[in-house]
Amino acid sequence: MDFGLSDDQREIQRTARDMLSERSTPERMREHAQDHRSDDELWRGLSGLGWPGIAVAESHGGQGLGQIELSILCEELGRVLAPVPFLPSVMAAALIGEAGSESLKERWLGGLASGELTGALGVCAGGVAELVIGAPEADVLVLLDDDARARVLAAGEAEVENVDSIDPTRATGRVIAPAGAGEELPGDVSAGVDRSLICVSSELVGVCDRALSMTVAYVSERRQFGVPVGSYQAVSHRCAQMLLDTEKARSTAAAAAWSADSDPAGLAEAAAMAKAAASQAGCDVTASAIQAHGGIGFTWEADVHWLYKRAHLDAALLGGAKRQRARLAAILAARARGEGRDAAIAQSIREPAA
Amino acid sequence: MDLTFSPSETAFRDELRGWLAENPPDPEPSGGGEEAHYAWRRDWQRRLYDAGWAAPAWPTEYGGRGATPTESAIYFEEIGRARVPLAANVLGLLLGGPTLMAWGTPEQKERYLSPILSAEEIWCQGFSEPDAGSDLAALKTRAVKHSDEWVVSGQKVWTSGAQYSKWCMLVARTDSDVPKHKGLTYFLMDMEQDGVQVRPLRQITGEAEFNELFIEDARIPDQNVVGGVGNGWKVALTTLMNERAGLGFALQIRLRQLLDDLIATAERKGLLEDPLLADALAELHVRCESVRLLAWKGLTDAERYGQPGPEGSLVKWLWSDTNQRLTELAAEIVGPEALTAGTDWSYELLRARGNTIEGGTTEILKNIVAERVLGLPRLSVGV
């Protein structure tokens with residue numbers, strides 16, 4: 001057993017962290033968020049490094065690496081709240097890569113891998129998908145329908161309305177897709193959804209990690225009654241709880257990423273577990289960060305609120321903690337009935353994806 | 001990253017699992033009280049000892065198998081999975097032995113290690129006192145040297161297995177004129193003497209796992225000092241560091257088994273259809289898996305990279321909290337049986353209250369996480 005990253009993976013993590021600390025500063029994030037625009041220069045930079053295609057097969061122009069490598073990038077981009085459509089693009093690519101026909105892969109994966117095209121993943125109810133991250137700028141939309149099927153639409157095939165979400169670091173839209181529009185994904189949709197859940201979970205781990213480190217720095221500095229407020233247990237124990245929540249999310253996300261690459265039979269359960277833990281941690285840890293910052297934490301100027309907003313969008317994406325736990329309960333019930341792992345997975349994907 | 005076991009680790013697991021299947025302990029005695037129960041566990045340890053399974057993590061020179069930390073964790077997982085009792089001399093095996101290996105003289109190792117392994121001599125731990133619990137270094141039990149022996153007086157509490165023990169790992173104050181951590185010495189005290197009185201401490205479950213020790217002019221020969229006079233705090237830390245290793249893996253499996261039992265009961269009663277109960281069980285499942293992952297991550301990181309992460313305190317905190325939630329939920333799923341005295345579930349419910357106190361309270365664990373992992377400013381209290 002080894003929970004550590006390989007040398008190559010560590011190198012990816014280090015490169016990403018260095019690059020983002022230089023080119024995705026808090027000032028830059030704030031500026032783009034307030035103007036409601038994507039950081040195109042950053043997107044070109046990370047596309048140049050091949051990030052959007054890190055987990056896309058080499059035959060389709062990607063780097064052909066795994067979910068662990070992709071999750072490393074999601075976490076680093078989450079940590080700096082990078083205002084780029086990375087998450088929606090890699091989720092769209094995961095669905096097309098896992099479930100697409102050869103012609104769909106041929107048509108879309110190369111562009112998504114190079115970053116020339118961007119994607120989005122939405123959950124449709126009655127032909128409408130709400131709060132689809134990345135939709136307004138997406139070239140390709142993947143929509144999960146009520147019946148657990150999925151289809152791919154080119155930008156022009158659906159109507160996309162701009163919607164302001166509470167998180168302006170990424171564009172969001174309302175997608176109206178007429179029945180029959182687009183092309184159905186014939187393959188294993190659930191595997192693509194599970195990989196997407198892991199990507200969001202990893203992004204949330206980055207958000208939590210940042211919220212915790214900002215909070216630790218603040219409460220160590222801020223003094224009241226003559227001592228740093230972080231020396232009070234009411235505050236320090238809150239920080240300890242933030243770490244516990246973050247580490248639960250981190251360990252389950254890591255195990256799920258490993259499953260995606262090495263244990264496909266365990267993927268559905270691991271992904272639901274990771275998203276349940278990460279959604280809960282994301283909301284709780286960022287809320288704690290605001291509280292521990294006191295009045296300052298409630299101001300626009302302090303950057304904690306961006307983390308809280310991103311966490312809530314991510315937590316809701318593809319189903320929040322309670323939805324994931326419902327999915328896990330279905331898996332547990334099937335196992336308790338002795339239906340075995342395969343039956344449990346079949347049961348879990350009969351549940352709506354969100 | 002690789003969440004599988006190596007072929008040699010799997011072989012280790014298979015060998016132990018095979019042995020446990022072929023050599024089950026005798027049935028748990030139904031009568032005879034705690035003494036009969038203890039005798040049963042002592043007999044079980046002798047069988048483990050005869051087969052070389054009493055303490056696989058001990059080096060081969062001391063009668064162990066030289067198992068790696070991963071193999072040792074597998075050992076405790078299998079002991080938990082097979083639902084066999086823990087060896088009677090668990091404190092000697094997990095705490096006393098490793099402490100002597102680190103700090104003992106060659107003579108001490110020669111004299112004490114083998115009887116620990118065979119359960120011939122049982123060990124207990126005399127650390128906590130009525131006024132020194134979380135603040136262990138404030139302990140007051142005094143040892144004064146008279147020629148070549150020490151005379152000890154004081155009181156200890158929460159001493160598990162004292163009534164069966166031959167030796168006590170005793171930390172006492174040998175110098176009151178230096179800061180509190182510096183005036184302590186670690187002794188091996190013979191329990192079989194008039195100066196040591198053991199009084200069982202009945203706990204909320206009704207049983208008496210623990211005792212109070214009343215020590216009055218007890219004698220300890222000078223050669224029973226471990227690690228040098230005045231060095232007791234460091235030696236005690238070695239003992240405490242060993243406290244959570246290993247055993248945690250048996251507890252983690254026990255948690256898994258309880259949860260699986262509870263889920264099976266809920267399924268049988270159709271209660272998994274209840275969304276609130278299903279949600280609570282799924283949340284316990286997430287927590288239980290997080291305990292397992294964090295425990296293995298801490299162990300294997302330490303094994304591979306020589307640096308244990310923050311996981312140790314987090315694992316104990318999460319495990320104890322989860323066990324309490326689980327045993328409380330059982331009342332709603334299992335029904336009246338869970339609240340009827342003498343049932344397994346009611347025992348688990350009550351015993352679980354001790355989990356967030358024993359081996360470091362949750363509040364102390366949070367302090368450790370805040371100060372040593374997050375680097376927050378220290379609480380300003382007397383030192």
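This one's a predicted model, so the numbers in the text were calculated from it and none came from an experiment. (Residues numbered from 1 in each chain as written. Chains lettered and ligands numbered in written order. Predicted model: local features only at pLDDT ≥ 70, side-chain atom pairs only at ≥ 80, totals over all residues.)

Draft legend 1. Structural context of the overall build of chain A. Across its full length, chain A carries 12 helices and 9 strands. For chain A, the C-alpha radius of gyration of 20 Å lies close to 20 Å, the compact-globule estimate for 354 residues. Out of the 354 residues in chain A, the part that is buried amounts to 58%. (Helix = DSSP H or I, 4+ residues; strand = E, 2+ residues; numbered from the N terminus. Rg over C-alpha atoms; globule rule 2.2 N^0.38 Å. Buried ≥ 20, exposed ≤ 12 C-beta atoms within 10 Å, placed from the backbone.)

Draft legend 2. Structural context of the overall build of chain B. Scanning chain B from N- to C-terminus turns up 11 helices and 8 strands. Whereas a compact globule of 383 residues would reach a radius of gyration of roughly 21 Å, chain B reaches 22 Å, a difference of no more than 12%. Dimensions of chain B along its principal axes, counting C-alpha atoms only, are 75 × 50 × 50 Å. In chain B, buried positions account for 43% of the 383 residues. Taking the contacts inside chain B whose residues are at least 6 apart along the sequence as the reference set, 69% of them involve residues at least 24 apart. (Contact = placed C-beta atoms within 7 Å.)

Draft legend 3. How the structure looks around the domain arrangement of chain A. Residue and element names in this part refer to chain A. One can read the domain layout of chain A as domain 1 (7-184) and domain 2 (189-350). One C-alpha centre belongs to domain 1, the other to domain 2; they are set 20 Å apart. Facing 33 residues of domain 1, the contacting portion of domain 2 comprises 33 residues. Secondary-structure elements contributing two or more residues to the side of domain 1 that touches domain 2 are helix 2 (26-34), helix 4 (67-79), helix 5 (86-99) and strand 1 (119-125). The element contributing the most residues to the side of domain 1 that touches domain 2 is helix 4, with 10 residues. Taken together, the residues of the side of domain 1 that touches domain 2 sort by class into 20 nonpolar, 6 polar and 7 charged. (Domains from an automatic or database assignment. Nonpolar A, V, L, I, M, F, W, Y, C, P; charged D, E, K, R; others polar.)

Draft legend 4. Representation of the nonpolar core within the structure. One finds Leu 95 and Cys 239 of chain A together with Phe 187 of chain B to be the most contacted residues of the largest nonpolar core, which totals 226 residues. For this core, the element with the most residues is helix 7 (residues 189-221) of chain A, which contributes 17 residues. (Core = buried A, V, L, I, M, F, W, Y, C linked by C-beta atoms within 7 Å.)

Draft legend 5. View of the interface of chain A and chain B. At the junction of the two partners, chain A supplies 39 residues and chain B supplies 41 residues. It is helix 8 (residues 233-262) of chain A that contributes the most residues to the side of chain A that touches chain B, 14 residues altogether. Split into classes, the residues belonging to the side of chain A that touches chain B amount to 24 nonpolar, 9 polar and 6 charged.

Draft legend 6. Focus on the sheet that holds strand 6 (residues 172-176) of chain A. One open sheet holds the 7 strands; their spatial order is 5-6-2-1-3-4-7 (chain A), and the pairing between them is mixed. Every interior strand has two partners, whereas the edge strands, strand 5 (159-163) and strand 7 (183-184) of chain A, have only one. (Pairing = 2+ DSSP bridges.)

Draft legend 7. Structural detail: the environment of Arg 13 of chain B. Residue and element names in this part refer to chain B. Secondary-structure assignment places Arg 13 in helix 1 (residues 7-22). Put simply, Arg 13 and Glu 77 are 64 residues apart on the chain and 9.2 Å apart in space, counted from C-alpha to C-alpha. Here Arg 13 is in contact with Ile 74 and Glu 78, once residues within four sequence places are set aside.

Draft legend 8. Structural detail: the packing of helix 5 of chain A against helix 6 (residues 102-114) of chain A. Residues and elements named next belong to chain A. In contact at an axis separation of 10 Å, helix 5 and helix 6 are set at 155° when each is read in the N-to-C sense. Regarding the angle of helix 5 to helix 6, the classification is roughly antiparallel. For the pair helix 5 and helix 6, the crossing hand works out as left-handed. Side by side, helix 5 and helix 6 meet where Ser 89, Ala 92, Ala 93, Ile 96 and Gly 97 of the first sit next to Leu 104, Lys 105, Trp 108, Leu 109, Leu 112 and Ala 113 of the second. Looking at side-chain class alone, the contact of helix 5 with helix 6 contains 8 nonpolar, 2 polar and 1 charged residues. (Axes fitted to C-alpha atoms, helices over the stretch in contact; angles between N-to-C directions. Parallel < 35°, antiparallel > 145°, perpendicular 65-115°, else oblique. Left-handed = near helix turned anticlockwise from the far one by under 90°.)

Draft legend 9. Spotlight on unusual backbone geometry. In the Ramachandran plot, Leu 81 of chain A falls in the positive-phi region, its phi being about 50° despite a non-glycine side chain. Here Leu 81 of chain A lies in the loop between helix 4 and helix 5. Not every positive phi belongs to a glycine, and Ala 119 of chain B is a case in point at roughly 70°. Note on Ala 119 of chain B: 23 C-beta atoms within 10 Å, which makes it buried.

Draft legend 10. Structural view of the pairing of strand 1 of chain A. All names here are of chain A. Strand 1 sits mainly inside the fold: 6 of its 7 residues count as buried. As paired strands, strand 1 and strand 2 (residues 128-133) are joined by 2 bridges and run antiparallel to one another. From the neighbouring strand, Ala 125 faces strand 2, where its bridge partner is Val 128. Counted between consecutive antiparallel strands, the loop separating strand 1 from strand 2 contains 2 residues, among which Gly 126 sits at a positive phi close to 60°.

Draft legend 11. How the structure looks around helix 3 (residues 40-48) of chain A. Residue and element names in this part refer to chain A. Where helix 3 is concerned, the buried positions are Leu 42, Trp 43 and Leu 46. Angular distribution of buried residues about the axis of helix 3 spans 100°; they occupy a single face of the element. Of the exposed residues in helix 3, those oriented more than 90 degrees away from the buried face are Asp 40, Glu 41, Arg 44 and Gly 48. Looking at the buried residues of helix 3, the elements they touch are helix 1 (7-23). Note on helix 3: the residue one or two positions beyond its end, Gly 50, has a positive phi of about 80°. (Arc of directions from axis to C-beta.)

Draft legend 12. Representation of the packing of helix 1 of chain B against helix 3 (residues 69-81) of chain B within the structure. Residue and element names in this part refer to chain B. Two numbers describe how helix 1 lies on helix 3: the axes approach to 10 Å, and their chain directions differ by 30°. When the interaxial angle is binned, helix 1 and helix 3 end up roughly parallel. Viewed along their axes, helix 1 and helix 3 form a crossing whose handedness is right-handed. Counted together, Glu 9, Phe 12, Arg 13, Leu 16, Arg 17 and Leu 20 of helix 1 and Thr 70, Glu 71, Ile 74, Tyr 75 and Glu 78 of helix 3 form the full contact between these two elements.

Draft legend 13. Just the confidence of the model for chain A, in detail. In the predicted model, chain A carries a mean pLDDT of 94, and 96% of its residues have values of at least 70. Below a pLDDT of 50 lies the segment residues 343-354 of chain A, which in the model reaches 31 contacts outside its immediate sequence neighbourhood of four places, other chains included. (pLDDT = per-residue confidence, 0-100.)

Draft legend 14. Spatial organisation of the pairing of strand 5 (residues 184-190) of chain B. All names here are of chain B. The element strand 5 is extensively covered by neighbouring structure, given that 6 of its 7 residues are classed as buried. As defined by bridge partners, strand 4 (residues 167-173) adjoins strand 5 across 7 bridges and the pair is classed as antiparallel. Each residue of the ladder has a partner; that of Ala 172, found in strand 5, is Thr 185. Bridge count between strand 5 and strand 8 (residues 225-226): 2 bridges; the pairing is antiparallel. Bridged to Phe 187 within strand 8 is Val 225.

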